[in-house]
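So the chains spell out like this:
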Amino acid sequence: EILRLPNSVYMKRDPEKRIRDIALWAADTARCFTDVLILKEDHRKLSTLTHIHLPDGPSAVYRLSSFTPSKNIPNHGRGSRHQPELILNNFSTQLGHKIGRMLSAWFPHRPDHIGRQVVTIHNQRDFIFFRFHRYIFKEDASKARLQELGPRFTLKLKYIQKGIVDTEKGEYIWRATKERDRRTFFL
């Protein structure tokens, strides 16, 4: 699995299909999808994540970097089918709240505490870090430690649009610019 998301379905993308067509297909109420995630590869490395919240948007496009699959993480654990707990850190602006709510929609709001799995989505300087962990209790239950399950990756928001992604006629809610002050953060 590329991303460890509960209740998700992986489908290989037909290169002939546009993103808008995929989103409209998934938005059909009979299919019961709530979000569409499209991963793009450049030179055999994951580079872009497009997130479309169905049925009417918004849509966000992120630069994906530092992707490390579970098998490359030292002493990684094996995840289970339990629903993870979700921790969102540092999404404090209005745009940050919107992005945080979109990202939290990937995970059901009914965690199975039996599985002891945690997903941490942490915003720091407009970089969004994803980490998947399991907490392990000592035998006397006095202390707990974290074991990383993986994968781990980082996202950087490129832009967010109203509705379904349309690069030609879409209305942008927010868009990254080149002439940005290094001390100003948006999320």
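Refer to the preceding data block for the structure.
Figured I'd write up the structure that's included with this text.

Calculation rules
- Residues numbered from 1 in each chain as written.
- Predicted model: local features only at pLDDT ≥ 70, side-chain atom pairs only at ≥ 80, totals over all residues.
- Heavy atoms only, no water.
- Helix = DSSP H or I, 4+ residues; strand = E, 2+ residues; numbered from the N terminus.
- Rg over C-alpha atoms; globule rule 2.2 N^0.38 Å.
- Buried < 20%, exposed > 50% of the residue type's maximum accessible area, 1.4 Å probe, protein only.
- Contact = heavy atoms within 4.5 Å.
- Areas by Shrake-Rupley, 256 points an atom, 1.4 Å probe, with all protein chains shown as cover.
- Lys, Arg positive; Asp, Glu negative; His and termini not counted.
- Charge placed at Lys NZ, Arg CZ, Asp CG, Glu CD.
- Pairing = 2+ DSSP bridges.
- Right-handed = clockwise from strand over helix to strand, strands pointing away.
- Arc of directions from axis to C-beta.
- Patch = residues over 30% accessible without salt bridge, like charges linked within 9 Å, V, L, I, M, F, W, Y side chains within 5 Å.
- Salt bridge = Lys/Arg side-chain N within 4 Å of Asp/Glu carboxyl O.
- Core = buried A, V, L, I, M, F, W, Y, C linked by side-chain atoms within 4.5 Å.
- Phe/Tyr/Trp six-rings, centres within 6.5 Å; stacked < 30°, edge-to-face > 60°.
- Lys NZ or Arg CZ within 6 Å of the ring centre and 35° of its normal.

### Thoughts on the overall build of the protein chain
Inference 1: For the protein chain, the count of helices and strands is 2 helices and 9 strands.
Inference 2: Overall, the protein chain shows an N-to-C arrangement of helices and strands of α-β-β-β-β-α-β-β-β-β-β.
Inference 3: Relative to the compact-globule value of 16 Å for 187 residues, the protein chain shows a C-alpha radius of gyration of 17 Å, a close match.
Inference 4: Principal-axis analysis of the C-alpha atoms gives the protein chain an extent of 60 × 45 × 35 Å.
Inference 5: Looking at the protein chain residue by residue over its 187 residues, the buried ones come to 38%.
Inference 6: Here the contacts in the protein chain between residues at least 6 apart in sequence split such that 59% fall between residues at least 24 apart.
Inference 7: Just so you have it, the protein chain exposes about 12,300 Å², and 49% of that area is on carbon and sulfur atoms.
Inference 8: Charge separation in the protein chain, taken as the distance between the mean sites of 34 positive and 20 negative side-chain charges, equals 5 Å.

### What about the pairing of strand E4 (residues 85-89)?
Inference 1: Two elements, E4 and strand E5 (residues 117-124), share 5 bridges in a ladder whose sense is parallel. Looking at E5, one finds that Glu-85 is bridged to Val-118.
Inference 2: Once the chain exits E4 it traverses helix H2 (residues 94-104) before rejoining the sheet at E5, and the crossover so formed is left-handed.

### Observations concerning helix H1 (residues 19-26)
Inference 1: Turning to H1, its buried residues number three or more, namely Ile-22, Ala-23 and Ala-26. The buried residues of H1 occupy an angular sector of 95 degrees when projected down its axis, which confines them to one face.
Inference 2: Buried residues belonging to H1 abut strand E1 (35-42) and strand E2 (45-53).

### Here's the deal with the environment of Pro-84
Inference 1: Tracing the chain through its elements places Pro-84 in the loop between strand E3 (59-68) and E4.
Inference 2: By relative accessible area, which is 9% here, Pro-84 ends up buried.
Inference 3: As for Pro-84 and Arg-134, which are separated by 50 residues in sequence, their C-alpha atoms are 8.9 Å apart.
Inference 4: Those residues in contact with Pro-84 that lie beyond four places of it in its chain are Pro-6, Phe-107, Pro-111, Gln-117, Val-118 and Val-119.

### As for a nonpolar patch on the surface
Inference 1: The grouping of Val-9, Met-11 and Trp-25 at the surface amounts to a nonpolar patch, some 300 Å² of accessible area in total.
Inference 2: Mapped onto the fold, Val-9 is located in the segment before H1.
Inference 3: Judged by relative accessible area, which is 57%, Val-9 ranks as exposed.

### Quick word on the nonpolar core
A general tendency of soluble globular proteins is for nonpolar side chains to be buried together.
Inference 1: One finds Tyr-62, Ile-99, Leu-103, Ile-128 and Phe-130 to be the most contacted residues of the largest nonpolar core, which totals 25 residues.
Inference 2: One finds Val-36, Ile-38, Val-61 and Val-165 within the second-largest nonpolar core, a separate group that totals 11 residues.

### A closer look at the packing of aromatic side chains
Inference 1: Applying the stated criterion to the full structure yields 7 aromatic pairs.
Inference 2: Measuring from ring centre to ring centre gives 5.5 Å for Trp-106 and Phe-130, while their planes differ by 20 degrees; the resulting arrangement is stacked. Remark: Phe-130 occurs in strand E6 (residues 127-137) and Trp-106 occurs in the loop between H2 and E5; sequence separation between them is 24 residues.
Inference 3: In this structure an aromatic cluster arises from ring pairing among Phe-67, Trp-106, Phe-130 and Phe-153.
Inference 4: If you follow Lys-156 out to its NZ or CZ, it ends over the ring of Phe-127, 4.5 Å from the centre.
Inference 5: The ring of Tyr-172 is capped by Arg-175, whose NZ or CZ atom sits 4.3 Å from the centre of that ring.

### Digging into unusual backbone geometry
Inference 1: The amide bond that connects Gly-57 to the next residue, Pro-58, takes the cis arrangement and shows omega of 10 degrees.
Inference 2: Tracing the chain through its elements places Pro-58 in the loop between E2 and E3.
Inference 3: Note that the residue after Gly-150, namely Pro-151, is joined by a cis bond; omega there is -5 degrees.
Inference 4: Residue placement: Pro-151 occurs in the loop between strand E7 (144-148) and strand E8 (152-161).

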